[in-house]
Amino acid sequence: MSEREADVLVLGGGPAGTWAALAAADAGARVVLADKGYCGTSGPTASGGNNLWYVPPDPEARATAVAARFEAGGRLGDRAWMARVVDETYRRVGDLAAWGYPFPSEDGAEVRGSLQGPEYMRRMRRRVHRAGVTILDHHPALRLLVDDRGVAAGASGLARQRDAEPWTVRAAGVVLATGGCAFLSGAFGTNVDTGDGHLMAAELGAELSGMEFSAAYALSPAHGAHTKGLMMQFATYTLGDGTLVDVPDPLGARERIAELLAAGERVFARLDRAPAELREAMRQAQPNYFLPLDKAGIDPFRDRYPVRMVLEGTVRGTGGLRIVGDDCATTVPGLFAAGDVATRELVSGAVSGGGAYNGAWAIASGTFAGRGAARFAAGRGRPHAVPSGGAGPAGGTLDPAAVVAAVQAEVLPLDRNYFRTRDGLRRSLARLDALWRRLSAEGLAGTGRGRLRAREAAALTAHARWAYRAALAREESRGLHRLEDLPLRADLEHRIRVGGLDEPWTVREPPEDPRLAPPPVSRDDAPGALT
Amino acid sequence: MIEIVSRERCIACDKCIEVCPTNVFDRGADGIPVLTRRDDCQTCFMCEAYCPVDALFVDPRSHPLPAPPDERALARDGSLGAYRRQIGWGRGRTPGAKLAVGPALDRSTGPLTS
Ligand SMILES: Cc1cc2nc3c(=O)[nH]c(=O)nc-3n(C[C@H](O)[C@H](O)[C@H](O)COP(=O)(O)OP(=O)(O)OC[C@H]3O[C@@H](n4cnc5c(N)ncnc54)[C@H](O)[C@@H]3O)c2cc1C
Ligand code: SF4
Ligand code: SF4
């Protein structure tokens, strides 16, 4: 049993967690960061890279960007938050530059709008280490600790490369940065993101928001899970017999392809619209798009290759823990949330934040949360902490792998989750609720390292139930939530909160406070979600 | 999915064991990593990026190949450790991040790395 104390404990070491650790350390806190995997390689930013919502400090350009994003997000975002995130992201990317990140140059000027994953996260790790933060790799957290007043007070888990030795860190402030939940779909880099943080927080009563916007799918070659989307702007799509698929525009192709795949068609892509003179630059920009194809013997400019759609859930979807303060406080005192574990509705509204906004959100919210937790910790004595939570640690008989498969059967198929129907959602929910009752009653099997698998299975189940419950509460189609042929409804321009484990609930949230918002600026070329 | 740990090249530095986000490897008795939890591989290529001697090969398919690929052939055509080379890691190479200026998307201004 290893025991530690810290002012601030950060759970998760992706971009959000590392920025949070840096901000907390900078504010003078003693920080411990624990990651399920390895801080520096774990999570989709490390493997996939991040294009950023990066807008230099020109007031007009920023106002325009914010206004456009607000409209693109189905008017569910929060313009004051967007402005803060743009500003914070710009400053922190400036830090990266000052620390020597090798940004590319074009026409003599540094281009800072995107970050290559392995390089970015390797540097973040080094920085966190130099800031004096204790990094615990392969230390998944299984549950949070609370004090006798219900204030978050640390976490405990197991060290999976040390014979599953239990660990506990007592801390006066806790930042959750455990990422979203991609339901173990295999989308590269996302299998560490199983919604553990959401579950741990919900056990302390935390609320979520935006969970109906969780049906994010991305295209990958059919044989694999490299869900890199940007090069697909150069694709033409064909059916098995070579018939051209008529798509509105390359970026809008996804919906049409989803329809065809859901109907059981095989769909093929070929990047033959890429101008020859761009092809070398494309390769250099995204080796992780091209190398997997090269290795499979496919020349994407020449060959047709079959594609599929892989669920990325709340990683490139939008829902997560509800944020109630500028410091990224959750509804649980002492518990702060950053990155994908938090709702990104504030910057994305109803649409995906992949392709720019999520990466910026991870940087900004991580910084806000780290600072917030440090401030909270400074005003609090050393807490007397007791464990909370039940679904994980208690051993039982249900096989976690079977639970995962049962949840996946409800959420992975396009005709259940991408194209939602009220009847279908109700049926899925009935099965998922029954599954939850069983795993609560019978417990999940597994000892040692197997406790992590049990915990992940419980987290996936809870996540699916919140997503589908929120989906049923939104009787329209908006952004990532496509419900039958129901159109968008002006009277539903509000967020939906969801929460609870044994007795899940939903409630509508009033729209953004108009007094906080900058005046709307009209603009017609709103950028879409560029994933 | 991870296919090859080259016994010829591996220097038993444990780096891949440390960095694999899904904890696929264990240290073998002779120091060479073994693929104890291969089913957990998420084909993220991170081990290939970190191995200092290009001893690893991750195949892009999400399922194991019916038969392991021919290590000699992969070594010959530079496929072992290809990801490390392409992102410009390792001595004497230019970091790939420096070269990552792709074509701009119609409606965006930035380079592409999503
Ligand atoms: C292929 C792909 C490409 C993308 N491209 C872009 C892009 O170009 N622009 C953009 O804005 N966004 C993009 N995104 C989204 C972006 O990658 C995420 O929003 C971002 O990684 C979120 O950062 P995070 O730190 O919150 O979570 P993650 O990066 O997911 O990190 C979460 C960390 O928490 C750890 N963890 C999980 N559970 C536990 C636990 N129980 N205990 C301890 N640690 C735990 C994990 O190991 C992981 O290290 C992309 C996503 C994908 C899948
Ligand atoms: S490809 Fe990724 S998940 Fe697979 S073994 Fe290598 S580091 Fe681990
Ligand atoms: S990183 Fe490479 S050299 Fe080091 S143990 Fe792994 S395979 Fe061997």
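Residues numbered from 1 in each chain as written. Chains lettered and ligands numbered in written order. Predicted model: local features only at pLDDT ≥ 70, side-chain atom pairs only at ≥ 80, totals over all residues. Heavy atoms only, no water.

### Some details on the overall build of chain B
Thinking step 1. A tally of helices and strands in chain B yields four helices and four strands.
Thinking step 2. Across the 114 residues of chain B, 57% fall into the buried class.
Thinking step 3. Residue pairs at least 24 apart in sequence account for 51% of intrachain contacts in chain B once pairs closer than 6 positions are excluded.
Thinking step 4. Accessible area for chain B stands at about 5100 Å²; split by element, carbon and sulfur atoms hold 50% of it. (Helix = DSSP H or I, 4+ residues; strand = E, 2+ residues; numbered from the N terminus. Buried < 20%, exposed > 50% of the residue type's maximum accessible area, 1.4 Å probe, protein only. Contact = heavy atoms within 4.5 Å. Areas by Shrake-Rupley, 256 points an atom, 1.4 Å probe, with all protein chains shown as cover.)

### Thoughts on the domain arrangement of chain A
All names here are of chain A.
Thinking step 1. According to the domain assignment, chain A contains domain 1 (2-214 + 314-387) and domain 2 (217-311).
Thinking step 2. The straight-line distance from the C-alpha centre of domain 1 to that of domain 2 is 31 Å.
Thinking step 3. Opposite the 11 residues of domain 1 that make contact, domain 2 presents nine residues.
Thinking step 4. For the domain 1 face of the interface with domain 2, the top three residues by lost area are Ser185, Phe188 and Arg316, together amounting to 52%.
Thinking step 5. The tally of links from domain 1 across to domain 2 stands at six residue pairs in polar contact (both at pLDDT 80 or more).
Thinking step 6. Looking at the side of domain 1 that touches domain 2, its residues break down into four nonpolar, six polar and one charged. (Domains from an automatic or database assignment. Buried area = accessible area lost by both parts, 1.4 Å probe. Polar contact = N/O pair within 3.5 Å; in protein donor to acceptor, adjacent residues only side chain to side chain. Nonpolar A, V, L, I, M, F, W, Y, C, P; charged D, E, K, R; others polar.)

### So, the site of ligand 2
Thinking step 1. Close to ligand 2 lie 13 residues, the nearest being Cys20, Cys41, Cys44, Phe45 and Cys47 of chain B.
Thinking step 2. Residue composition of the shell around ligand 2, by class: 10 nonpolar, three polar and no charged. (Near = heavy atom within 4 Å.)

### Some remarks on empty space enclosed by the protein
Residues and elements named next belong to chain A.
Thinking step 1. All told, the structure shown has seven cavities of 30 Å³ or more when counted by the stated rule.
Thinking step 2. Estimated volume of the largest cavity: approximately 690 Å³.
Thinking step 3. Elements with a contribution of two residues or more to the lining of the largest cavity: α1 (15-26), α2 (44-48), β3 (50-51), α6 (196-203), α10 (313-316) and α12 (357-378).
Thinking step 4. In terms of residue count, the dominant contributor to the lining of the largest cavity is α2 (four residues).
Thinking step 5. Considered class by class, the residues forming the lining of the largest cavity number 15 nonpolar, 26 polar and eight charged. (1 Å grid on protein atoms, 1.4 Å probe; cavity = no way out; pocket = protein on both sides within 12 Å on 5 of 7 lines; lining within 4 Å. Points joined across faces, edges and corners; volume = space filled by probe spheres on them.)

### Details of the site of ligand 1
All names here are of chain A.
Thinking step 1. Residues in contact with ligand 1 amount to 40 residues; listed here are only the nearest, Asp35, Ser42, Thr45, Asp193 and Gly359.
Thinking step 2. In this structure, an oxygen atom belonging to ligand 1 sits 3.3 Å away from a main-chain N or O atom of Asn358.
Thinking step 3. About the coverage of ligand 1: the protein hides 100% of its 1000 Å² of free accessible area.
Thinking step 4. Using a 2 Å cut-off from the grid points, one finds that ligand 1 occupies the largest cavity.
Thinking step 5. Ranked by the residues each element gives to the shell around ligand 1, the list is headed by α12, at four residues.
Thinking step 6. Here the shell around ligand 1 is built from residues that sort into 12 nonpolar, 21 polar and seven charged. (Sits in = over half its atoms within 2 Å of the grid points.)

### Describing the pairing of strand β8 (residues 141-146) of chain A
All names here are of chain A.
Thinking step 1. Taken across its six residues, β8 has five buried, putting it largely inside the fold.
Thinking step 2. Pairing analysis gives five bridges linking β8 to strand β9 (residues 152-159), with the strands arranged antiparallel. Bridged to Arg143 within β9 is Ser156.
Thinking step 3. The turn linking β8 back onto β9 is made up of five residues, and Gly150 within it adopts a positive phi angle of 85°. (Pairing = 2+ DSSP bridges.)

### So, the UniProt feature "domain: FAD-dependent oxidoreductase 2 FAD-binding" (unreviewed entry) in chain A
Thinking step 1. Per the UniProt entry, the sites bearing "domain: FAD-dependent oxidoreductase 2 FAD-binding" (unreviewed entry) are residues 7-214 of chain A in this numbering.
Thinking step 2. In this annotation, residues 7-214 of chain A is assigned 35% helix and 23% strand; the end-to-end C-alpha distance for the span is 33 Å. (UniProt positions renumbered as here; feature names shortened; annotations may be inferred.)

### Let's talk about the packing of helix α3 (residues 59-72) of chain A against helix α4 (residues 79-98) of chain A
All names here are of chain A.
Thinking step 1. One can describe the packing of α3 onto α4 by two numbers: an axis separation of 10 Å at closest approach and a directional angle of 130°. The orientation of α3 relative to α4 falls into the category oblique. Regarding α3 and α4, the two cross each other, and that crossing is right-handed. Taken together, the residues of α4 that come into contact with α3 (itself represented by Arg62, Val66, Arg69 and Phe70) are Arg79, Met82, Ala83, Val86, Asp87 and Tyr90.
Thinking step 2. Considering only residue class, the contact of α3 with α4 consists of six nonpolar, no polar and four charged. (Axes fitted to C-alpha atoms, helices over the stretch in contact; angles between N-to-C directions. Parallel < 35°, antiparallel > 145°, perpendicular 65-115°, else oblique. Left-handed = near helix turned anticlockwise from the far one by under 90°.)

### Observations regarding the sheet that holds strand β15 (residues 305-312) of chain A
All names here are of chain A.
Thinking step 1. What the four strands build is an open sheet, ordered β12-β15-β14-β13; its pairing is antiparallel. Of all the strands in the sheet, just β12 (216-221) and β13 (236-239) have a single pairing partner and so form its edges. Strand-to-strand twist of the sheet, defined as the mean angle between neighbouring strand axes without regard to direction, takes the value 45°.
Thinking step 2. Note that β13 and strand β14 (residues 267-270) share four bridges and pair antiparallel. Across the sheet, the residue bridging to Thr238 is Phe268, located in β14.

### Remarks on the interface of chain A and chain B
One frequently used descriptor of interface size is the decrease in accessible area upon assembly of the parts.
Thinking step 1. Contacts between the two partners involve 66 residues from chain A and, on the opposite side, 46 residues from chain B.
Thinking step 2. Carbon and sulfur atoms make up 56% of the surface buried where chain A meets chain B, a total of about 4700 Å² over both sides.
Thinking step 3. Across the chain A-chain B interface, the total number found is two salt bridges.
Thinking step 4. Where Lys295 of chain A meets Glu48 of chain B, a salt bridge forms, and the shortest distance between an N and an O atom there is 2.6 Å.
Thinking step 5. Where chain A touches chain B, the interface holds 16 residue pairs in polar contact (both at pLDDT 80 or more).
Thinking step 6. With six residues, the top contributor of residues to the side of chain A that touches chain B is helix α9 (residues 287-295) of chain A.
Thinking step 7. When its residues are assigned to classes, the side of chain A that touches chain B shows 26 nonpolar, 29 polar and 11 charged. (Salt bridge = Lys/Arg side-chain N within 4 Å of Asp/Glu carboxyl O.)

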